[in-house]
Amino acid sequence: MLARRPGKSEGESPASVRVRAEPGSERRPRATMSNAAIVRRLLRYMKPYRGRLVWGLVTGAVYGIVSGAFPKAVEAVAARLFSGEAPPSLWAVVATGIAIPIYFALRGLMGFLNAYYLSWVGSRMLRDLRLELYAHFQQLPLDFYVRYRIPQLIQRVNNNTAT
């Protein structure tokens, strides 16, 4: 494996000068995990936050049901109020006037709670994953930090756990 060495030689930029790496420092190929194994591993981080995850899923389902019911509700209101057979009763007009803001308030609340709970669970999972990685970094030998720069490691942890 070739490694880059800073320095200038005739007609070459510092980044283009290559030297042989130390024996034994070659990177081993990484073992790949199946998608199911990755999901099982991530579920371990989700386990402490099951309650909020369930609430997020329930509020998302309610939001979907309420949003999907809107066209049917408009159709029923239009049929009742504007049928032309008889003028709508005062009760029907008042009930419709009260139901519309309640509908949109419920829909907005469920959408907000869904986004809040799922974002909260996701951010806590990322925090736990990062804490575990930083704890692992503290157990590594000092030779590891001679080979890899610390700012690069921190950037990789933050970027790789955020995507």
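The rules behind each value
- Residues numbered from 1 in each chain as written.
- Predicted model: local features only at pLDDT ≥ 70, side-chain atom pairs only at ≥ 80, totals over all residues.
- Heavy atoms only, no water.
- pLDDT = per-residue confidence, 0-100.
- Contact = heavy atoms within 4.5 Å.
- Helix = DSSP H or I, 4+ residues; strand = E, 2+ residues; numbered from the N terminus.
- Expected span 1.5 Å × (residues − 1).
- Bend = angle between axes of the 7 residues up to and from the residue.
- Buried < 20%, exposed > 50% of the residue type's maximum accessible area, 1.4 Å probe, protein only.
- Axes fitted to C-alpha atoms, helices over the stretch in contact; angles between N-to-C directions.
- Parallel < 35°, antiparallel > 145°, perpendicular 65-115°, else oblique.
- Left-handed = near helix turned anticlockwise from the far one by under 90°.
- Nonpolar A, V, L, I, M, F, W, Y, C, P; charged D, E, K, R; others polar.
- Polar contact = N/O pair within 3.5 Å; in protein donor to acceptor, adjacent residues only side chain to side chain.
- Arc of directions from axis to C-beta.
- Patch = residues over 30% accessible without salt bridge, like charges linked within 9 Å, V, L, I, M, F, W, Y side chains within 5 Å.
- Areas by Shrake-Rupley, 256 points an atom, 1.4 Å probe, with all protein chains shown as cover.
- Salt bridge = Lys/Arg side-chain N within 4 Å of Asp/Glu carboxyl O.

Before going further, it helps to spend a moment on the confidence of the model for the protein. Looking at the protein, pLDDT values average 81 and 80% of them are 70 or higher. Below pLDDT 50 for its whole length, residues 1–21 participates in 25 contacts with residues either more than four positions away or in separate chains.

The next thing to look at is helix α2 (residues 50–81). With 32 residues, α2 ought to run about 46 Å at 1.5 Å a step, and its terminal C-alpha atoms sit 45 Å apart, in line with that. Helix geometry: α2 is bent most strongly at F70, by close to 35°, with proline P71 lying one to four residues after it. All buried positions along α2 are accounted for by L53, G56, T59, V66 and L81. Of the surrounding secondary structure, the elements contacted by the buried residues of α2 are α1 (35–46) and α3 (90–139).

Let us now look at the packing of α2 against α3. Where α2 meets α3, the closest approach of the two axes is 8 Å, and the angle between their N-to-C directions is 155°. Considered as vectors, α2 and α3 are oriented roughly antiparallel to each other. The chirality of how α2 crosses α3 is left-handed. The class makeup of the residues in the contact of α2 with α3 is 21 nonpolar, 7 polar and 3 charged.

For the rest of this paragraph, the subject is the packing of α3 against helix α5 (residues 150–162). Contact geometry of α3 with α5 gives a least axis separation of 10 Å together with a crossing angle of 150°. In terms of their interaxial angle, α3 and α5 are classed as roughly antiparallel. By crossing handedness, the relation of α3 to α5 is classed as right-handed. Along the contact surface, α3 presents L126, L129, R130, L133, Y134 and F137, while α5 presents L153, I154, V157, N158, T161 and A162. When grouped by side-chain class, the residues that make up the contact of α3 with α5 number 9 nonpolar, 2 polar and 1 charged.

What follows concerns the side chain of T96. Mapping T96 onto the fold places it in helix α3. A relative accessible area of 17% places T96 in the buried class. A distance of 2.7 Å separates a polar atom in the side chain of T96 from the backbone oxygen of A92. Once you skip the residues sitting within four places of it in the chain, T96 turns out to touch V77 and L81.

Let us now look at α5. The end-to-end C-alpha separation of α5 is 18 Å, in line with the 18 Å expected for 13 residues at 1.5 Å each. All buried positions along α5 are accounted for by L153, V157 and T161. One side of α5 carries all its buried residues, which in axial view fall inside an arc of 45°.

A contiguous nonpolar surface patch, about 340 Å² in accessible area, is contributed by F70, V74, I100 and F104. Elements represented by at least two residues in the nonpolar patch include exactly α2 and α3. Tracing the backbone shows F104 in helix α3.

Attention shifts here to the pattern of salt bridges. This structure, assessed with the given rule, holds 3 salt bridges. Between E132 and R44 there is a salt bridge, and its shortest N-O distance comes to 3.6 Å. Placement of E132 in helix α3 and of R44 in helix α1 is noted, with a sequence separation of 88 residues between them. Using a relative accessible area of 37% as the deciding quantity, one classes E132 as partly exposed. Note that D143 and R147 form a salt bridge whose closest N and O atoms lie 3.9 Å from each other. Residue D143 and its partner R147 are located together in helix α4 (residues 142–147), separated by 4 residues, close to a single helical turn.

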